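Here is what each chain is made of, one letter per residue.
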Amino acid sequence: MSRSRSTAKDAGTRFERLVADYLAGRLGADIDRQVKTGSHDTGDIRGVSVAGRGIAIECKDYQGRHELPKWLREAETERRNRGADYGVVVWKRRGTAIPGEQFVTMTLETFAAMLAGAGREE
C-alpha cells in the first residue's frame, strides 16, 4: 500500500528531525533541520561539517524501492548549492527507528575526499 503525499511529507519531516537531533546530540554542535529553500535546495540538515568542511545531507524516509542514484544526484546538487565539500544521503533503514542504525550513502569519491580531508574534485 502506498502512502499519500501528505503522509510521505510527514514521515520525511519526522525522519529529518530524528537525524538532526541524533547528530546534534552525538556531535554537540548546532545542527538542525534546514529551512526549505525551494529550487536552490541546500539539503535537509544544516550545521554538519568534518574538519571545517561542510556536508550537505539529503534525508530519505522511503517506502518501497530505494533510488540511490537519484538520491545521490540530489545530494550532489545540494552540495553545490550550499557550497559544501561533501554530499551524502541518510536513508531510512527498514525495521528500525533507532537513529544510529540508519544508512548513510555517498560516492567513493566523496568518501576518499573525506578521508583525505580534502574537498571534492570537480
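Structure first, text after, so check above.
Residues numbered from 1 in each chain as written. Predicted model: local features only at pLDDT ≥ 70, side-chain atom pairs only at ≥ 80, totals over all residues. Heavy atoms only, no water.

A. Highlighting unusual backbone geometry. If you check the backbone angles, A51 has positive phi at about 50 degrees while not being a glycine. By the secondary structure assignment, A51 is in the loop between β3 (49-50) and β4 (53-60). (Helix = DSSP H or I, 4+ residues; strand = E, 2+ residues; numbered from the N terminus.)

B. Inspection of the pairing of strand β5 (residues 86-91) at higher detail. Burial of β5 is extensive: six of the six residues sit out of reach of the surface. Of the strand pairs in this sheet, β4 and β5 are connected by six bridges, and their pairing is parallel. Bridge pairing in β5 places I57 opposite V88. Handedness of the crossover joining β4 and β5 through helix α2 (residues 68-82): right-handed. In this structure, β5 lies alongside strand β6 (residues 103-105), joined through three bridges in antiparallel fashion. Directly across from W91, in β6, lies its bridge partner F103. (Buried < 20%, exposed > 50% of the residue type's maximum accessible area, 1.4 Å probe, protein only. Pairing = 2+ DSSP bridges. Right-handed = clockwise from strand over helix to strand, strands pointing away.)

C. View of the nonpolar core. Among the nonpolar cores identified, the biggest contains 15 residues, and V19, I45, V48, I57 and C59 are the most heavily contacted of them. Listing elements by their share of this core, those giving two or more residues are α1 (5-27), β4 and β5. With five residues, α1 is the single largest residue contributor to this core. Ignoring any residue separated from it by four or fewer positions in sequence, one finds I45 in contact with E16, V19, A20, I31, D32, R33, Q34, I57, C59 and R82. Within the second largest apolar cluster, six residues are counted, among which are Y62, L68, W71 and A75. (Core = buried A, V, L, I, M, F, W, Y, C linked by side-chain atoms within 4.5 Å. Contact = heavy atoms within 4.5 Å.)

D. Quick look at the pattern of salt bridges. Here the structure, examined in full by the defined rule, presents 10 salt bridges. A salt bridge links R80 to E76, with the nearest nitrogen and oxygen atoms 3.4 Å apart. With R80 and E76 both in helix α2, this residue pair falls four residues apart, about one helical turn. We classify E76 as buried; its relative accessible area is 18%. One network of salt bridges, with partners in common, ties together R17, D21 and D32. (Salt bridge = Lys/Arg side-chain N within 4 Å of Asp/Glu carboxyl O.)

E. Expanded view of the packing of aromatic side chains. Following the criterion strictly, the structure yields four aromatic pairs and no others. Here Y62 and W71 contribute two aromatic rings whose centre-to-centre distance is 5.6 Å and whose plane-to-plane angle is 55 degrees, an arrangement assigned as tilted. The exposure class of Y62 is buried, given its relative accessible area of 14%. For W71, a relative accessible area of 5% puts it in the buried group. Judged by centre distance (4.8 Å) and plane angle (40 degrees), the rings of W91 and F103 are tilted. Here W91 is found in strand β5, whereas its partner F103 is found in strand β6, with 12 residues between them in sequence. A connected cluster of aromatic rings, assembled from ring pairs, spans Y62, W71, W91 and F103. (Phe/Tyr/Trp six-rings, centres within 6.5 Å; stacked < 30°, edge-to-face > 60°.)

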